[in-house]
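Structural characterization, general
Residues per chain, in single letters:
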Amino acid sequence: EEVDEALIEGVCDRIREELSSAEAELAEAFVRQYYRWVSPEDLEERSTADLFGAALAHFRLMRRRKRSEPNLRIYNPTQQEDGWESTHTVVEIVTDDMPFLIDSVGMELNRRGFGVHMIIHPVLLTRRDKDGALAEILEPHASDTEGVIAESVIHVEVSRHTDDDELDELYAHVDRVLNEVRSAVEDWQPMREKALEIAKTELQNSTDPEAPELSAFLEWLADDHFTFLGYRDYELGHAEDGELTLDTVADSGLGVLRQPGGAQSSTGFHKLPPGVRALALEPYLLTLTKANSRSTIHRAAYLDYVGVKRFDPKTGKPVGEHRFLGLYTTTAYRQPPSEVPILRRKVEAILEKADFPPGSHNEKALTEILDTHPRDELFQTPTGELFEIAMGILHLGERQRLRLFIRRDTFGRFLSCLVFVPRDRFNTENRRRIESILRNTFQAETVDYSTRVSESVLVRLHYLIYTEPALTRDYDVREIETLLIAATRSWQDDLEAALRSIHREEDANRLIRRYEDAFPLAYRADWHAREALGDIEQIEQLPVPDGLAMHVYEPLDEPLSLRAKLFRSGGELALSDMLPMFENLGVEVSDERPYELTLRDGELIWIYDFGLTLPGEGNLDSADTRQAFQDAFIRVWQGHVENDGYNRLVLSAGLTWREVAVLRAIGRYLRQAGTTFSDSYVQEALVVHADVARLLVELFRARFDPQNANASMADALTNEIGGAIDAVESLDQDRILRQFLDVVCAMLRTNWFQQGPKPHISFKLDPAKLSWLPEPRPQYEVWVYSPRTEGVHLRGGKVARGGIRWSDRREDFRTEVLGLMKAQMVKNAVIVPVGAKGGFVVKRPPATDDREALQREVVECYRTFISALLDVTGNIVDGEVKPPPDVVRYDG
C-alpha cells in the first residue's frame, strides 16, 4: 500500500517554498521516492512539518558522499536544532546499495537494545560528481544508467536514548556492521572462487578417497547454497613451549576475516583443551561445525564453519587449513539430503547399516527421520553417531514420552541437544524449564533453540548449548533425561499416577477419564496433583445435584493456619451467603479461592477454598471438633439448623449441632416465656460462658439419656452449674443462665434421644418449677422447636380439652395461647374442669403470594407440631395414636 499522494505533495510544496530552485529540484526528487513506499499507518500521525524536516535532514546527509564510504548520523531531532522532532532516536544512513543491509542494521539495533519502531528504505539511482556531490536523482526505472550509483537511503527510528556515550557506542557498532557488510559483499566472489579453486586443484590432486566427495561439496556450496562471509588460510606451527599453534597466513583474509598485516596466532585455538587441539593433526579432510560467534550479517545465527585441511605432499601430515565462515542458504536447507554431497554418503551408510528390507515401514520411517533431521546436525554429526541418534528416534516412534539425544561438538564449544516432547506437554513454560536444566547442567554461556511441530504426537526441540571448552565434562544422558521428564510432567500426568497408586486399575481408569480435564488452570497452579485425591474423594461422595460437603484442614505450607474447602454440585454459591454462616460459627473468612470443575459427563462441581481465622476462644485442633464444625455448617446450609449466634457454641463449648439445637430450643422458649432480653444477647451470654453451656448439655444428657441417665450425676451437675453461675459478674447474664438451668430441671420428657434424629425437638415441662413464668401456670406444657416452625401446648390438668391454633404472632404466640387456654377453662368449665390449648407459627413462609403454597407450608408445620407433641405425650400403635393417661384428646 503506497503512501497518500496528497501527503507527498504537501511536503513538496514546503520544499519549493523554503529551498532555492536548484536545491528544491533535487530535494523534491528525493522526497517523492523517500516516502513513496512507506506504509500510510507509519505516517498517519505525523505532521507535514515533521515529514518535511525528516526528509530534508536525510537529504542533506546525502548531498555529499565519497564512493564506498557510508554517511551515518544518529541523533534525537528537536524543532530548535533540526527543524523537526520525534519521540524516537533516529538513525540515518546513506551508502552504496548492497545485499543484507537492512537485515544487518536491524539485527545490530535490536541486539543493542534499541527496539526498532519504523524503517524507511528507498534505493535511489543517483549521479555524483568527482567530489562526491549529488548531481542527479533518477527515476526508479530509468533506462540511462551510465555513471549511475544505486544508493541505499535508510531511516530507522528506534527507542529513544539520550545518553551521549550510548549513542556514540551505537554509532561505532552500526559503522562496523556497514563496513563488515561491505567487506563480505566485495569479497563474496573471491571467496566463492577460492572454494572452487580448492575443489578443482588441491582436492582433485588428493589421494584421499573422500576428496572427490569433498570437491563436489565445495562446488555445491559455491552454487548459491552458502553465503560466504569470511575466509582465511591457517598454518599449523609450534610455540616455544612446544604447544601446537594455528597461525594465520598473512593477507589471506577475505570478507569479515580481512586481516591486513602479518601472520597472527588464532585467538581461539589456544583456549581449546589439549585433546581437542590434537584433533588438528588428525588426517581427516573436512571439518563442518559452528563458529563460536554469531553472524552480524543477514541472520543472527552462529556462523557455519567449513574447514578444509592442507597436507604436506611428502609426509602426508596436516600443515594448515582453509577456513570458510558463512551461512547456509534457504535452498541448502530445503534440498533433500540424498542430493547434497557429503550428506548423501551419510544417508546411504546409515540405511545400509540399518539393513531394513527395501520399501519396509522402518526404511521409510528412517528416511523420513533423516530428511527432517536438523540440517546443521546432518552436516556436523559423524556418521556413526548420527546412526545411533536416528535409530533412537525411530525406536521412539509415536510413543508419548520424552527423549533426549546429546551430541558434543568436535571442539567442545557447544552441545547439541535434541529433546522430543509429547505435544500435549509442549508449552512455553516447559520449554523454559528444559532450557534451564540444560543451561545449569552444562554451565552454558548462551543457549539457542528451535522448535519443530508437525503432525506427529511429538514436538522436537533443538538446543545448542554453548560452553567454555575447558569446562566440558562427562554427562549422563539418562540422568538429565530423568530431570527433564520430572520438570515437564503435566499436572494431569501426576494426577493419573496418583490415582493409579491408590486405586485398582479399573477404578483408576474410570476416575482418570472423569477427572483428567476437569480441574481448571487456577486449581492446578495452586494445588499439587496428589492433593487433588482428597478432593476427588469428597466429590465422589457428593450428592447430585445440590450436594454440599466441607473439609477443614491445616495447610502444610502455612503452619498454624486453617482453611476450609466447600464442595458443591450444581450451581455456584454466593460469598454473601457463605460469610454469615462462617461468622455465626465463630470464624472469620480472610480469603476465598473458587474453582469451577467440569467433569467428563458435563457435571459441574464447585470447590471453594476459604482461609479461616478464629478471633475468639475455641479451636479446630481436634478431629472431633472439626467434624462438628463441618457438620454444623452443612446442616445450616441445608436449612436443618438456623443460622444464628448459637452456632458459635460448636467451637467455644465443643458441642455438636444437635446439642446446640437443645440450647437454641430453650432460648426460643425463654423468648416466648416473656424474657426481656434479645435473642442476640441471650446467645452472647451462652457463648461468653461456654463452660456453663457445655454443663447444661451434660445435665440434659444425665437426666434423659436412656442409656446413661444418672440421677446422682444430674444432681452434682446441677450444683456445679449453680456454682458456675454464681461466679458470673453480669446480673443479666446470671439471670439468663439460671433460666436455662431452670428449664432443663423442669423438663419431664424429650424426644431428643428418640431414633432419627428427628428434625424437631419437643420438651414436656412442669411449669410449677418455673417461678418466673407468667400466671396462670398450666399443669403441663409442651414446647416444640424446629427451624421451620415453633409451637407450644398448654394443659391446665391431666384431664383437659382444647384445640390447636395457627398463630401469626411470631414474637409472643405463647402469650396468645395462654390467653386462649384461660378462656377455654371458663368456656368448658361444665364439660371439662380445665382447658388446654396449643398453637404454632410458620417461620419460613413462601416468598411469593401464592396462597396454595402457603397453605401447604402451614399443613407441613402443623404435622411437625402434632408429631412433636405425640413424641412426648402419646404413642402410635398399629398406626393409631394411643394417648397417654394424662391426655384425653386433641381437637384439630
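Coordinates for the structure precede this section.
Here is a short report on the structure shown in this document. (Residues numbered from 1 in each chain as written. Predicted model: local features only at pLDDT ≥ 70, side-chain atom pairs only at ≥ 80, totals over all residues. Heavy atoms only, no water.)

Structural notes on the sheet that holds strand S24 (residues 789–795)
Rule in force here: For two strands to count as paired, DSSP must find a minimum of two bridges between them. Helix and strand definitions here come from DSSP, where helices need a minimum of 4 consecutive H or I residues and strands a minimum of 2 consecutive E residues; each element is numbered from the N-terminal end. For helices, the axis comes from a line fit to the C-alpha atoms of the stretch in contact; other axes are also lines fit to C-alpha atoms, and the angle between any two N-to-C directions lies between 0 and 180 degrees. By the convention used here, residues are in contact when the closest approach between their heavy atoms is within 4.5 Å.
If you walk across this open sheet you meet the six strands as S21-S22-S23-S24-S26-S25, and the pairing is mixed. The sheet is open, and its two edges are formed by strand S21 (747–750) and strand S25 (800–807), each paired on a single side. Averaged over neighbouring strand pairs, the angle between their axes works out to 15° when direction is ignored. In terms of strand pairing, S21 meets strand S22 (residues 761–765) through three bridges, oriented antiparallel. When the bridges of S22 are listed, Thr750 appears paired with Phe763. Packed on one face of the sheet, helix H25 (residues 657–672) meets S21, S22, strand S23 (780–785) and S24 and runs near 120° to S23. On top of the sheet, helix H31 (residues 851–873) reaches S21, S22, S23, S24, S25 and strand S26 (834–842); it is set at about 135° to S26, its chief contact.

Description of helix H17 (residues 477–488)
Which entries qualify depends on this criterion: To estimate how far a helix should reach, multiply one less than its number of residues by 1.5 Å. We call a residue buried when its accessible area falls under 20% of the maximum for its residue type, exposed when it is over 50%, and partly exposed in between, using a 1.4 Å probe and counting protein chains only. Picture the helix axis, draw a direction to every C-beta atom, and the arc is the one those directions span. Any pair of N or O atoms that falls within 3.5 Å is considered a polar contact. Within protein, one atom must be able to donate a hydrogen and the other to accept it, and sequence-neighbouring residues count only if both atoms are side-chain atoms.
A rise of 1.5 Å per residue sets the reference length of H17, with its twelve residues, at 16 Å; its end C-alpha atoms lie 16 Å apart and thus fit the reference within 8%. Taken as a whole, H17 has its buried residues at Ile480, Glu481, Leu484, Ala487 and Thr488. The buried residues of H17 occupy an angular sector of 125° when the element is viewed end-on, so they sit on one face. Turned more than 90 degrees off the buried face of H17, the exposed positions are Glu479, Thr482 and Ala486. Sitting at the amino-terminal end of H17 is Asp476, which places a side-chain oxygen 3.0 Å from the backbone nitrogen of Arg478.

Things to note about the nonpolar core
Note that soluble globular proteins tend to have their nonpolar side chains buried in a common cluster. Selection criterion: Joining through side-chain atoms within 4.5 Å is the link that ties buried Ala, Val, Leu, Ile, Met, Phe, Trp, Tyr and Cys residues into a set, and such a set is a nonpolar core.
Counting residues in each nonpolar core, the largest one holds 83 residues, and the members touching the most others are Phe582, Phe629, Phe633, Leu649, Phe740 and Phe763. Residues contacting Phe763, with those up to four places away along its chain left out, are Val662, Ala665, Ile666, Phe700, Met747, Arg749, Thr750, Glu781, Val782 and Trp783. Within the second largest apolar cluster, 46 residues are counted, among which are Leu221, Phe226, Leu343 and Ala354.

A few points about the packing of aromatic side chains
Defined as follows: Only Phe, Tyr and Trp rings are paired, with Trp represented by its six-membered ring, and only when their centres lie within 6.5 Å; those with planes under 30 degrees apart are stacked, over 60 edge-to-face, the remainder tilted. Lysine NZ or arginine CZ positioned within 6 Å of the ring centre and within 35 degrees of the ring normal marks a charge as sitting over the ring.
Counted under the stated rule, the structure contains 39 aromatic pairs. With 6.2 Å between their ring centres and 80° between their planes, Tyr328 and Tyr333 make a pair best called edge-to-face. Taking relative accessible area as the criterion, Tyr328 reaches 3% and is therefore assigned buried. Given a relative accessible area of 29%, Tyr333 falls into the partly exposed group. A centroid spacing of 5.6 Å and a plane angle of 80° characterise the contact between Phe700 and Trp752, whose relative ring orientation is edge-to-face. Taken together, the residues span a long stretch of sequence, with Phe700 in helix H27 (residues 690–704) and Trp752 in the loop between S21 and S22 at a distance of 52 residues. As far as the burial class goes, Phe700 and Trp752 line up, both buried. The ring of Tyr75 carries Arg73 above its face, with NZ or CZ at 3.6 Å from the centroid.

Some thoughts on a negative patch on the surface
The following threshold applies: Patch membership is restricted to residues that have no salt bridge and whose relative accessible area is over 30%. Joining uses 9 Å for like charges and 5 Å for the nonpolar side chains Val, Leu, Ile, Met, Phe, Trp and Tyr. In this description, accessible areas are obtained by the Shrake-Rupley approach with a 1.4 Å probe, and a residue is regarded as covered only by the protein chains that are shown. Any Lys or Arg side-chain nitrogen found within 4 Å of a carboxyl oxygen on Asp or Glu counts as a salt bridge. Only four residue types enter the tally: Lys and Arg on the positive side, Asp and Glu on the negative side; His and the chain ends are excluded. Just so you know, the charge point we use is NZ for Lys, CZ for Arg, CG for Asp and CD for Glu.
Together, Asp163, Asp164, Asp165, Glu166, Asp168 and Glu169 line one region of the surface with negative charge. The topology assignment puts Asp164 in helix H7 (residues 164–186).

Regarding the packing of H27 against helix H28 (residues 711–726)
Angle between the axes and distance between the axes are the two parameters that describe a pair of packed helices. Just so we agree on the cut-off: When an angle is under 35 degrees it counts as roughly parallel; over 145 it counts as roughly antiparallel; between 65 and 115 it counts as roughly perpendicular; any other value is oblique. Take the far helix as your reference; a near helix turned counterclockwise from it by less than a right angle gives a left-handed crossing, and one turned clockwise gives a right-handed crossing. Polar here means any residue outside two lists: the nonpolar Ala, Val, Leu, Ile, Met, Phe, Trp, Tyr, Cys and Pro, and the charged Asp, Glu, Lys and Arg; Gly therefore counts as polar.
For the pair H27 and H28, interaxial distance at closest approach is 9 Å and the crossing angle is 160°. Here H27 lies roughly antiparallel to H28, going by the angle between them. In this structure, H27 meets H28 at a crossing whose hand is left-handed. Contacts between H27 and H28 involve Val692, Leu695, Leu696, Glu698, Leu699, Ala702 and Arg703 from the first element and Met713, Ala714, Leu717, Thr718, Glu720, Ile721, Ala724 and Ile725 from the second. Looking at the contact of H27 with H28 residue by residue, the classes come out as eleven nonpolar, one polar and three charged.

Quick notes on the sheet that holds strand S19 (residues 588–598)
With antiparallel pairing, four strands are arranged side by side in an open sheet as S17-S18-S20-S19. Because the sheet does not close on itself, it has two edges, and the strands there are strand S17 (548–553) and S19. Averaged over all neighbouring strand pairs, the angle between strand axes comes to 15°, with direction disregarded. Sheet topology note: the S17/strand S18 (residues 562–569) ladder contains six bridges and is antiparallel. Paired with Leu548 across the bridge in S18 is Arg568. Contacting S17, S18, S19 and strand S20 (604–613), helix H22 (residues 575–584) crosses the sheet at an angle of about 40° to S20. Most of the contacts of helix H23 (residues 623–638) go to S17, to which it runs at about 150°, and overall it touches S17 and S18.

Considerations on the side chain of Glu642
The residue Glu642 is located in the loop between H23 and helix H24 (649–652) in this model. Among the polar contacts listed, one links the side chain of Glu642 to the side chain of Lys843, at a separation of 2.6 Å. Discounting residues that sit within four places of it in the chain, Glu642 has contacts with Val636, Asn647, Arg664, Arg668, Tyr785, Ser786, Pro787, Glu790 and Lys843.

Quick look at the pattern of salt bridges
Evaluated as defined, the whole model comprises 70 salt bridges. A salt bridge links Arg127 to Glu136, with the nearest nitrogen and oxygen atoms 3.1 Å apart. Overall, Glu136 belongs to the partly exposed group, its relative accessible area being 35%. Of the charged contacts in the structure, one is a salt bridge between Glu151 and Arg128, with a shortest N-O distance of 2.9 Å. Highlighted residues: Glu151 in strand S6 (residues 149–158) and Arg128 in strand S4 (residues 123–128), separated in sequence by 23 residues. The exposure class assigned to Arg128 is buried, which follows from its relative accessible area of 15%. Each member of the salt-bridge network shares a partner with another, and the members are Arg65, Arg67, Asp96, Arg128, Glu151, Arg182, Glu186, Asp187 and Arg258.

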